[in-house]
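What the coordinates show
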Amino acid sequence: MTSTGTEASAAGWDEARLSEQFDATIAKDQRIEPRDWMPDGYRRTLIRQIAQHAHSEIIGMQPEGDWITRAPSLRRKAILFAKVQDEAGHGLYLYSAAETLGADRAELTDALIEGRQKYSSIFNYPTPTFADVGVIGWFVDGAAICNQVPLCRCSYGPYARAMVRVCKEESFHQRQGYELLLTMMRGTDGQRAMVQDAVDRWWWPSLMMFGPPDDDSPNSARSMAWKIKRHSNDELRQRFVDMTVPQAEKLGVTLPDPELSWNEERGHHDFGTPDWSELQRVISGDGPRNVERVSRRRAAHEEGAWVREAATAHAAKQAARTQETARTQKTEGAAA
Ligand code: BYC
């Protein structure tokens, strides 16, 4: 799509024509870019999803970040540092993508810390043992890969492009988690029990990451028609289960679902039903760690105010200096 909103109004195009052009771009599987005309609902949906995604990355630094000072070796500490730092980076790309839609980053942060915008339910669970770091990598980053690889083909250009790098890093995160667990499984009985316990606690919350079942997902149909989402919540959940079962067998752990079995006819695993009332509780603020996660984010934001002020003052000083240099050069040029 090439015409900007300004060009369009100059050409006297009406909204119906712009809407047709938008639909044609989506139908051709081409990208919508920031300066293209888009329906308000498309813009709002993207800001909602991208903001929630960004908030999830930033809040997601906390459960694992708690283990940085307690990692059992220098190697594990360095890996964990790098992973948590990557998540900060993902949050920043995503806030930038939301800004291309006209969202204001400071307002998005306020919406998060005032509880007006959501973040992924998964980060409201505790991480009592180091095995949780491994299982988060294996399950949570594994689920993130299933969910986010299709987002690389999302119809909105800046979101799709941000996802390419994010997915490459998520893939490293997943493998580091699995490798950590393989190491623990080769250790003592106590370590193996720790891994199984973490698997038991994280399995169902990980399945909930994909959102409510399709028949209870109010946003899916619209988002799929706009090619923001490429697959439904249930399709992606199934993909995650199919991918994870053989990995669990190789690792030597049991997934805590008695209904889990291979269905020859469907060519997929059958599995039990997550407790959807738990997902609703966690999303609405009543999970095991919601209060702690948001209050910590609020405190970090308040304590960081001086950094933002200093950076703004520095940028203003630099801009004034650049302007002054340009003025001096112009005067000297005129005099020469
Ligand atoms: N948690 O109609 P639905 C990561 C909300 S970061 C909380 O199906 P939609 C990582 C949903 O927002 C992981 N809320 O919605 C980071 C909606 O509420 P609103 C984050 C949830 O948008 C660090 C309502 O329920 N990934 O991987 O079509 C370390 C109805 O749902 C959840 C992303 O954000 C949930 N689990 O689909 C390691 C990916 N599920 O907004 C790893 C991008 C649903 O109407 N996001 N809700 O008030 C998406 O793909 C989609 O937004 C979702 C939901 C699949 C999450």
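Residues numbered from 1 in each chain as written. Predicted model: local features only at pLDDT ≥ 70, side-chain atom pairs only at ≥ 80, totals over all residues. Heavy atoms only, no water.

As named in an unreviewed UniProt entry, the protein chain is 1,2-phenylacetyl-CoA epoxidase subunit PaaA, taken from Streptomyces prunicolor.

**Observations concerning the nonpolar core**
What counts here: In this text, buried Ala, Val, Leu, Ile, Met, Phe, Trp, Tyr and Cys residues form a nonpolar core when linked through side-chain atoms within 4.5 Å. Relative accessible area decides the class of each residue, using a 1.4 Å probe on protein chains only: under 20% of the type maximum gives buried, over 50% gives exposed, and in between gives partly exposed. Secondary structure elements follow DSSP: runs of H or I of four or more residues count as helices, runs of E of two or more count as strands, with numbering from the N terminus. Two residues qualify as a contact provided that any one of their heavy atoms is within 4.5 Å of a heavy atom in the partner residue.
Membership of the largest hydrophobic core comes to 45 residues, with the highest contact counts inside it found for Trp138, Phe139, Val195, Val199, Trp202, Phe240 and Val253. Every element with two or more residues in this core is listed here: α5 (74-99), α7 (131-148), α8 (157-185), α9 (189-208), α11 (233-251) and α12 (276-283). The residues contacting tryptophan 138, other than those within four sequence positions of it, are Gln174, Gly177, Tyr178, Leu181, Val199, Thr244, Gln247, Ala248, Leu251 and Val253. Formed by 31 residues, the second largest nonpolar core is a distinct cluster that contains Ala54, Ala98, Met163 and Val166.

**As for the environment of aspartate 86**
Considering the arrangement of structural elements, one finds aspartate 86 in helix α5. Classification of aspartate 86 by relative accessible area gives buried; the value is 19%. Sequence separation between aspartate 86 and proline 258 is 172 residues, and the spatial gap between their C-alpha atoms is 36 Å. Beyond its immediate sequence surroundings of up to four residues, aspartate 86 is in contact with Glu169, Phe172 and His173.

**A few points about the site of the ligand**
Convention followed: We call a residue near a molecule or strand when any one of its heavy atoms sits within 4 Å of it. Distance and chemistry together define a polar contact, namely a pair of N or O atoms within 3.5 Å, with one atom able to donate a hydrogen and the other to accept it when in protein, and with adjacent residues in sequence counting only for side-chain atoms on both sides. Note that accessible areas follow from Shrake-Rupley with a 1.4 Å probe, and for residues the cover is restricted to the protein chains shown. Following the grouping adopted for this structure description, the nonpolar residues are Ala, Val, Leu, Ile, Met, Phe, Trp, Tyr, Cys and Pro, the charged ones are Asp, Glu, Lys and Arg, and the polar ones are all others, Gly among them.
In the region of the ligand, 31 residues are neighbours, and Gln52, Lys118, Ser217, Lys229 and Asn233 sit closest. Between the ligand and the protein, one listed contact pairs an oxygen atom with a side-chain N or O atom of arginine 48 at 2.9 Å. With respect to the ligand, the backbone of serine 121 contributes an N or O atom lying 2.8 Å from a nitrogen atom. Isolated, the ligand exposes 1000 Å² of accessible area, and the fraction of that covered by the protein chains is 91%. Taken together, the elements giving at least two residues each to the shell around the ligand come down to α3 (40-59) and α7. Of the residues contributing to the shell around the ligand, the split by class is 12 nonpolar, 13 polar and six charged.

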